[in-house]
Amino acid sequence: SIAETSLSSKILLALNSGIPIVAHGPDYSANSKFITRNGVGICINTLDPNIISHQLSLFSEDSRIDSSNKAMSLYDRHHLPEINILKMLRILGLK
């Protein structure tokens, strides 16, 4: 399905801003896998409002700060424009 292969570009904006990500969608989605694998937020995959509320309440301030730090670090390591330019130059065999 498209959810398995489509990563929202808004995730990169959140990483750059250091905003912890709260995603809502199926656990098999690319967004959920990315967020979980990198520890940059939480994923909620239920439609039950009580469970959603409970899961949000478990996302403590310490967890949000940790997710924020991981988000900024991940962005700095992989998504700065300078890094992407170098990656593209290497792919093209120009560097």
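Residues numbered from 1 in each chain as written. Predicted model: local features only at pLDDT ≥ 70, side-chain atom pairs only at ≥ 80, totals over all residues. Heavy atoms only, no water.

Draft legend 1. Up close: the environment of glutamine 55. Tracing the backbone through its elements, the reader meets glutamine 55 in helix H4 (residues 49-58). Judged by its relative accessible area of 27%, glutamine 55 is partly exposed. For the pair glutamine 55 and cysteine 43, spaced 12 residues apart in sequence, the C-alpha to C-alpha distance is 9.0 Å. Residues within four places of glutamine 55 in sequence aside, it is in contact with Ile42, Ile44 and Thr46. (Helix = DSSP H or I, 4+ residues; strand = E, 2+ residues; numbered from the N terminus. Buried < 20%, exposed > 50% of the residue type's maximum accessible area, 1.4 Å probe, protein only. Contact = heavy atoms within 4.5 Å.)

Draft legend 2. Spotlight on the nonpolar core. Core analysis: the biggest nonpolar cluster contains 11 residues, these being Ile11, Ala14, Leu15, Ile21, Ala23, Phe34, Ile35, Val40, Ala71, Leu74 and Tyr75. Within the residue set of this core, elements represented by two or more residues are helix H2 (10-17), strand S1 (21-24), helix H3 (30-38) and helix H5 (61-78). Other than its neighbours up to four places away in sequence, alanine 14 contacts Ile19 and Ile21. (Core = buried A, V, L, I, M, F, W, Y, C linked by side-chain atoms within 4.5 Å.)

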